[in-house]
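Given next are the chains, with one letter for each unit.
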Amino acid sequence: MAKTGITLTRRGLGAMLAVGLLAGGLAGCGNSDTGGDDKSGGSGNGKLVMGFSQVGAESGWRTANTNSIKESATAAGIELKFDDAQGKQENQIKALRNFIQQKVDVIAFSPVVESGWDTVLKEAKDAKIPVILTDRAVDSADKSLYKTFIGSDFVKEGKLAGEWLVKEKASAAGPVNIVELQGTTGAAPANDRKKGFAEAIAANPNLKVVASQSGDFTRAGGKQVMEQFLKANPKIDVLFAHNDDMGLGALEAITAAGKTPGKDITIITVDAVKDGMQALADGKFNFIAECSPLLGPQLMDLAKKVKAGEEVPARVETEETTFTQEQAKAALPNRKY
Ligand code: GYE
């Protein structure tokens, strides 16, 4: 993915939140939180109207992301029509068509999978409604179908995870067997994290992925697939899970199989949500590559710029770091999500 654009900083988030709270509380929760029912375009009160289609509620990351978007919309004085697609692309397409019909000012969405968006994006373009991609990318060849993309570099996250493992297992004499819990099939973070990790571990021929399957980014999925991995593979040395939640689900399967997570099996995950950081601090995980869900403030800022016809960078990248067990212990008391 192109590396142009600016870096997201979290400066200003506190101030924006404070303004939002003073302005009358947080946006409500619920499946289809459609704000006003005005169908004639605009909010009728001068506010910018944003239609936002969320993937679902599959993980701690997603919950933090939804909260960030709702809180930042309130803080920025943006009317938010929020739709939860419950993990289904068809629901997202329906939601986008609804937003087009309602003539919202800006559409933002986090595409559940990468492919299959051209038709509906073209419909938005024809209706002159700008689209901002958040968190996950689409594979459309026509880049004019959306204004900008804000989110993380998932290939880099996979690479950071793999590079840590290469160092950790540098002195391993024999084969190191790795199992991989992939995210949702076809999702950008699943495709890209797999790719980055594979590229990094190629540096040590001892490191071998012996099984790789989707756990759909959920705890239940992670637990179930890890159970299968454990049954089918007598020697598992490492688990790479594409997010914390699948890693947390896998912990149960590993313990139930009589193994000690973090010792018998080295566990690497992505995200760094609170529960993941706790597992890392407790010695059950070994390493986390961070992925920030706090995209709301920057998204609202971009929406205002896009609406005003201002130029925006093609890609706005989030700031990320990595955590070892010691670093997780230090960071945990101040972890907000
Ligand atoms: O890592 C995972 C969530 O798209 C970056 O989706 C996001 C991913 C995140 O379900 O926990």
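Look up: the structure comes first, before these words.
The shown structure was predicted, so the numbers you read here are calculated from the model rather than taken from an experiment.

Draft legend 1. Inspection of the overall build of the protein chain at higher detail. Summing up its helical and strand segments, the protein chain has 11 helices and 13 strands in all. When the 337 residues of the protein chain are sorted by exposure, 54% land in the buried category. If you take every contact in the protein chain between residues at least 6 apart in sequence, the share linking residues at least 24 apart comes to 77%. Of the accessible surface of the protein chain, which amounts to about 14400 Å², a share of 51% is contributed by carbon and sulfur atoms.

Draft legend 2. The site of the ligand, seen in detail. Glu58, Asp135, Arg136, Asn243 and Asp271 are the nearest of the 13 residues found near the ligand. The contact in question runs from an oxygen atom of the ligand to an N or O atom on the side chain of Arg193, over 2.9 Å. Between Asn243 and the ligand, the recorded distance is 2.8 Å, taken from a side-chain N or O atom to an oxygen atom. When the ligand is considered free in solution it has 300 Å² of accessible area, and contact with the protein chains removes 100% of it. At the level of secondary structure, the elements contributing two or more residues to the shell around the ligand comprise helix H2 (60-76) and helix H6 (188-201). Looking at the shell around the ligand residue by residue, the classes come out as 5 nonpolar, 2 polar and 6 charged.

Draft legend 3. Just the pattern of salt bridges, in detail. Throughout the structure, instances matching the rule amount to 18 salt bridges. Arg136 serves as the salt-bridge partner of Glu58, at 3.7 Å between the closest nitrogen and oxygen. Of this pair, Glu58 sits in the loop between strand E2 (49-54) and H2 while Arg136 is found in the loop between strand E5 (131-134) and strand E6 (148-151), placing the two residues 78 residues apart along the sequence. Taken individually, Glu58 and Arg136 each receive the classification buried, so the pair is uniform in this respect. The shortest N-O distance in the salt bridge between Glu157 and Arg193 comes to 2.8 Å. Separated by 36 residues along the polypeptide, Glu157 in helix H5 (residues 154-168) and Arg193 in helix H6 bring together distant segments of the chain. The two residues Glu157 and Arg193 agree in class, both being buried. Among the ionic contacts, a cluster of salt bridges with common partners joins Glu58, Arg62, Asp135 and Arg136.

Draft legend 4. Structural context of unusual backbone geometry. At Lys128, a residue that is not glycine, the phi angle is positive and equals roughly 60 degrees. Assignment of secondary structure puts Lys128 in the loop between helix H4 (118-126) and E5. Since its relative accessible area comes to 72%, Lys128 is described here as exposed.

Draft legend 5. Quick peek at the side chain of Thr148. With respect to the element layout, Thr148 can be found in strand E6. Look at Thr148 and you get buried, because its relative accessible area is 0%. Among the polar contacts made by the side chain of Thr148, one reaches the main-chain carbonyl oxygen of Ala314 at a distance of 3.4 Å.

Draft legend 6. View of H4. Those residues of H4 not exposed but buried are Val120, Leu121 and Ala124. End-on, the buried residues of H4 take up no more than an arc of 100 degrees, which puts them together on one face. Exposed and oriented more than 90 degrees from the buried face of H4 are Thr119 and Asp126. The secondary structure elements touched by the buried residues of H4 are helix H3 (89-101), strand E4 (106-109) and E5. A positive backbone phi angle near 60 degrees is found at Lys128, which sits one or two residues after H4.

Draft legend 7. Geometry of the nonpolar core. Counting 44 residues, the largest nonpolar core has Met50, Ile78, Ile132, Leu165, Ile268, Leu299 and Met300 as the members making the most contacts within it. Setting aside anything within four residues of it in sequence, one finds Leu299 in contact with Met50, Phe52, Ile69, Ala108, Ile132, Thr134 and Ile150.

Draft legend 8. Summary view of the environment of Gln228. Mapped onto the elements of the fold, Gln228 is located in helix H7 (residues 219-232). Here Gln228 falls in the partly exposed class, since its relative accessible area comes to 36%. For the pair Gln228 and Ala253, spaced 25 residues apart in sequence, the C-alpha separation works out to 9.2 Å.

Draft legend 9. Here's a closer look at the pairing of strand E7 (residues 176-182). For E7, the buried fraction is high: 7 of the 7 residues fall into the buried class. The side-chain alternation of E7 yields two buried faces, one formed by Val176, Ile178, Glu180 and Gln182 and the other by Asn177, Val179 and Leu181. Taken together, the 7 bridges between E7 and strand E8 (residues 207-214) define a ladder with parallel strand orientation. Its bridge partner being in E8, Gln182 is matched across the sheet by Ser214. Between the parallel elements E7 and E8, the chain passes through H6 in a crossover that is right-handed. Sheet topology places E7 next to strand E9 (residues 238-241); 4 bridges connect them, and they run parallel. What sits directly across from Leu181, in E9, is Ala241.

Cut-offs applied
Residues numbered from 1 in each chain as written. Predicted model: local features only at pLDDT ≥ 70, side-chain atom pairs only at ≥ 80, totals over all residues. Heavy atoms only, no water. Helix = DSSP H or I, 4+ residues; strand = E, 2+ residues; numbered from the N terminus. Buried < 20%, exposed > 50% of the residue type's maximum accessible area, 1.4 Å probe, protein only. Contact = heavy atoms within 4.5 Å. Areas by Shrake-Rupley, 256 points an atom, 1.4 Å probe, with all protein chains shown as cover. Near = heavy atom within 4 Å. Polar contact = N/O pair within 3.5 Å; in protein donor to acceptor, adjacent residues only side chain to side chain. Nonpolar A, V, L, I, M, F, W, Y, C, P; charged D, E, K, R; others polar. Salt bridge = Lys/Arg side-chain N within 4 Å of Asp/Glu carboxyl O. Arc of directions from axis to C-beta. Core = buried A, V, L, I, M, F, W, Y, C linked by side-chain atoms within 4.5 Å. Pairing = 2+ DSSP bridges. Right-handed = clockwise from strand over helix to strand, strands pointing away.

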